[in-house]
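Report on the structure
Each chain, written out:
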Amino acid sequence: MQSLSVYARLFARVISSTEAENILFNGLLRLSSSSVHVTQSSNSLAITCPSTAIKHAVHLVTVSSGYSSHDNNELEYITQTKRKNSLIEQQSNSSNVYGDDAFFVTRHRLGDFLGVADGVGGWREHGIDPSLFSRSLMDACKSLIDNKLIDLNPLTLKELLSKGYKKLLEDKQCIIGSSTACIVALHNEERILHTANLGDSGFVVIRRNTIVHRSQEQQHYFNSPFQLAIHPTIKDPRLIADSPDLASVTSFHVEENDFIVIATDGLWDNLPDTTILEEMKQIKVS
């Protein structure tokens, strides 16, 4: 299991990630109703507010950090194996990958999008890097948003997963693997959080230190979550391939100062809600 952290604060302050018993959050998002200007560099994110806050829409501002449960030697061996077999080379320094997990954050004319995907680790038995599929899926989803090929409504995220998955199926390089996926989108003006979740990744919305909305885990049986997959030449009865149409979708009205935690099972399997809420209490609200 891997974990990545996305933490959002508004106001001109230093932004840092929070570690919870050595397991980093996959997503901590802070909502604000102020109009902001964001400046981002490779290792910092500076946020400034105008002198007069314009309270009309909510926005998400994010930074990320994370870790892998697999040591560097194993990852290097997998990378070398893939090169030898002429498979896609892993971008080991990719900024949106932590171990088998991948994520994306992007803006849309109507709101903010964030997604996480957890590559299925069992692909190592076949000499395949699990992060290739999760990263490619997140990159495909982000590309669709950035190229204005997706709208923002209650059905947007299921459509986004379907189109992102289709791009992988049509890729001439044949990206083999599988992953779970969880995507959320905040409509800035309407203050509605649209979500889609496939598998055992997920999210919670926290308001005044109480979980007020959350995703439902999808499992075929123990340790076999719903997942998108491509495995055309591998025969293994354990392999699962689900349709993106099976993703669970919700829409939820958010309030200023709500927090959103979006994570893969590296968080949900290791930290109870009480621990997550205790960590959230440490975040100072101005």
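Everything here concerns the structure above.
Just so we're clear, the structure is a prediction, and the values are computed from it rather than from any experiment.

Counting its secondary structure elements, the protein contains five helices and 20 strands. Expressed as a percentage of its 286 residues, the buried residues of the protein come to 54%. In the protein, once contacts between residues fewer than 6 apart in sequence are set aside, the share between residues at least 24 apart is 69%. Just so you have it, the protein exposes about 13500 Å², and 49% of that area is on carbon and sulfur atoms.

A few words on the packing of aromatic side chains. All told, the structure shown has one aromatic pair when counted by the stated rule. Between the aromatic rings of Tyr98 and Phe103, the centroid separation amounts to 6.1 Å while the plane-to-plane angle is 10°, which identifies the pairing as stacked. As far as the burial class goes, Tyr98 and Phe103 line up, both buried.

Our next topic: helix 3 (residues 156-169). Along its 14 residues, helix 3 runs 20 Å from first to last C-alpha, staying within 8% of the 20 Å computed at 1.5 Å per residue. Looking at helix 3, one finds that the buried residues are Thr156, Leu157, Leu160, Leu161, Gly164, Tyr165 and Leu168. Buried residues of helix 3 fall within an arc of 160° about the axis and therefore sit on the same side. On its buried face, helix 3 is in contact with strand 11 (111-119), helix 2 (131-146), strand 12 (177-187), strand 13 (192-198) and strand 18 (228-230).

Examined against the element boundaries, Leu186 turns out to sit in strand 12. Separated by 34 residues in the primary sequence, Leu186 and Leu152 have C-alpha atoms spaced 8.8 Å apart.

The next subject is the nonpolar core. What tends to happen in soluble globular proteins is that the nonpolar side chains get buried as a cluster. Among the nonpolar cores identified, the biggest contains 29 residues, and Phe113, Phe133, Leu137 and Leu160 are the most heavily contacted of them. Residue assignment for this core shows that the elements contributing at least two residues are strand 10 (101-107), strand 11, helix 2, helix 3, strand 12, strand 13 and strand 18. Looking at this core element by element, the count peaks at seven residues for helix 2. Setting aside residues up to four positions removed in sequence, Phe133 forms contacts with Tyr165, Leu168, Ile175, Ile176, Gly177, Ser178, Ser179, Leu228, Ala229 and Ile230.

Here Lys148, not a glycine, exhibits a phi torsion of approximately 60°, which is positive. Mapped onto the fold, Lys148 is located in the loop between helix 2 and helix 3. A positive phi angle is found at Asn257, which is not glycine, with a value near 80°. Along the chain, Asn257 turns up in the loop between strand 19 (248-253) and strand 20 (259-263).

This next bit is on the pairing of strand 20. Across the five residues of strand 20, five count as buried, placing the element largely inside the fold. Neither face of strand 20 is left uncovered, since the one carrying Phe259, Val261 and Ala263 and the one carrying Ile260 and Ile262 both have all their residues buried. Pairing geometry for strand 14 (residues 202-207) and strand 20, over five bridges, is antiparallel. Among the inter-strand pairings, Ile206 is bridged to a residue of strand 20, identified as Phe259.

This part covers the side chain of His213. With respect to the element layout, His213 can be found in strand 15 (residues 210-214). Among residues more than four places away in sequence, those in contact with His213 are Phe203, Val204, Val205, Thr250 and Phe252.

Moving on to the pattern of salt bridges. Per the stated rule, a full pass over the model turns up eleven salt bridges. One salt bridge in this structure joins Lys166 and Glu170, with 3.9 Å as the shortest N-O distance. The exposure class assigned to Lys166 is partly exposed, which follows from its relative accessible area of 49%. Note that Glu255 is salt-bridged to Arg207, the shortest N-O span being 3.5 Å. Taken as a pair, Glu255 in the loop between strand 19 and strand 20 and Arg207 in strand 14 lie far apart in primary sequence, 48 residues in all. By relative accessible area, Arg207 is classed as buried at 13%.

Now for helix 2. Between its first and last C-alpha, helix 2 extends 22 Å over 16 residues, near the 22 Å set by a 1.5 Å rise per residue. Helix 2 sits mainly inside the fold: twelve of its 16 residues count as buried. What helix 2 keeps buried is the set Ser131, Leu132, Phe133, Ser134, Arg135, Ser136, Leu137, Met138, Ala140, Cys141, Leu144 and Ile145. Lys148 sits one or two positions beyond helix 2 and adopts a positive phi of about 60°.

Time to look at the environment of His56. By the element assignment, His56 lies in the loop between strand 6 (45-48) and strand 7 (59-61). On the basis of relative accessibility, which here comes to 40%, the residue His56 falls in the partly exposed class. Counting along the chain gives 132 residues from His56 to Asn188, while the straight-line C-alpha distance between them is 8.6 Å.

How each quantity is defined
Residues numbered from 1 in each chain as written. Predicted model: local features only at pLDDT ≥ 70, side-chain atom pairs only at ≥ 80, totals over all residues. Heavy atoms only, no water. Helix = DSSP H or I, 4+ residues; strand = E, 2+ residues; numbered from the N terminus. Buried < 20%, exposed > 50% of the residue type's maximum accessible area, 1.4 Å probe, protein only. Contact = heavy atoms within 4.5 Å. Areas by Shrake-Rupley, 256 points an atom, 1.4 Å probe, with all protein chains shown as cover. Phe/Tyr/Trp six-rings, centres within 6.5 Å; stacked < 30°, edge-to-face > 60°. Expected span 1.5 Å × (residues − 1). Arc of directions from axis to C-beta. Core = buried A, V, L, I, M, F, W, Y, C linked by side-chain atoms within 4.5 Å. Pairing = 2+ DSSP bridges. Salt bridge = Lys/Arg side-chain N within 4 Å of Asp/Glu carboxyl O.

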